[in-house]
Amino acid sequence: MLAAARDLLTHRGLQALTMRALAERLDVAPNTLYSHVANKTALIDDLLDEVLAEVQAPTPDIEDPTVGLHQLMASAYDVLLVHPDLVPVYLARQGARGPHAQRLGDITIALLRRAGVVEPAAAEALRVLIIYTIGSAAFASRPPLATGTEHRLNPDESAANFANGLRWLLAGIVQDPTQVRR
């Protein structure tokens, strides 16, 4: 079901991904789908979460938690670039929900705590890292609007830009991990 939903989304766009269209693609009655998923929103959440299974998490015993955070966010960025059609959906849903998203969030929070970032700053840092990673993937995977002055980075430049920005971001997060500025 998720593969068929992904195919619809990839080839026809988010608006075309309806329960009726998915049922037609699977050659089943639409009400059959509701035995597996509550609604379109839940279907999209499952689809987004399934992709997050591809993100490689660092080993739990990684010596430097900041290196682990960098590895985790870099893997998420790479996975998003492999699925550019989903990047706008991640933006619209403000991330993903589900067991894979929860697992990655838990790993990120654990690494942040090991780096000295305590609550509520750890939760805020997690949101900032997610926003940065999805936003960077959006910049790298979509051409800019044509204004005549745009410069699109090539894939290597985008990756280097993401990595540098992530290092700066992580340095700022762990520099003063107890402060949440409002």
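Right above here is the structure, for reference.
The structure reproduced in this document is the subject of the present report. No experiment lies behind these values; they were computed from the predicted model shown.

Definitions and limits used
- Residues numbered from 1 in each chain as written.
- Predicted model: local features only at pLDDT ≥ 70, side-chain atom pairs only at ≥ 80, totals over all residues.
- Heavy atoms only, no water.
- Helix = DSSP H or I, 4+ residues; strand = E, 2+ residues; numbered from the N terminus.
- Contact = heavy atoms within 4.5 Å.
- Core = buried A, V, L, I, M, F, W, Y, C linked by side-chain atoms within 4.5 Å.
- Buried < 20%, exposed > 50% of the residue type's maximum accessible area, 1.4 Å probe, protein only.

What follows deals with the environment of Glu157. By the element assignment, Glu157 lies in helix H9 (residues 155–175). Considering only alpha carbons, one finds Glu157 and Ala21, 136 residues apart in sequence, at a separation of 39 Å. Non-local contacts of Glu157, meaning those with residues more than four positions away in its chain, are made with His151 and Arg152.

This next bit is on the nonpolar core. Of all hydrophobic cores here, the largest spans 49 residues; its most connected members are Leu17, Leu22, Leu43, Val55, Leu86, Tyr90 and Leu112. Elements with a minimum of two residues in this core: helix H1 (2–12), helix H2 (19–26), helix H4 (40–52), helix H5 (65–82), helix H6 (87–93), helix H7 (99–114), helix H8 (121–141) and H9. Per-element tally for this core: the top contributor is H8, with 9 residues. Sequence-distant contacts of Leu43, defined by excluding residues within four places in its chain, comprise Met1, Leu2, Ala5, Leu17, Met19, Leu22 and Val37.

Our next topic: unusual backbone geometry. The amide bond that connects Glu119 to the next residue, Pro120, takes the cis arrangement and shows omega of 5°. You can see Pro120 is positioned in the loop between H7 and H8. Not every positive phi belongs to a glycine, and Asp27 is a case in point at roughly 60°. By the secondary structure assignment, Asp27 is in the loop between H2 and helix H3 (30–33).

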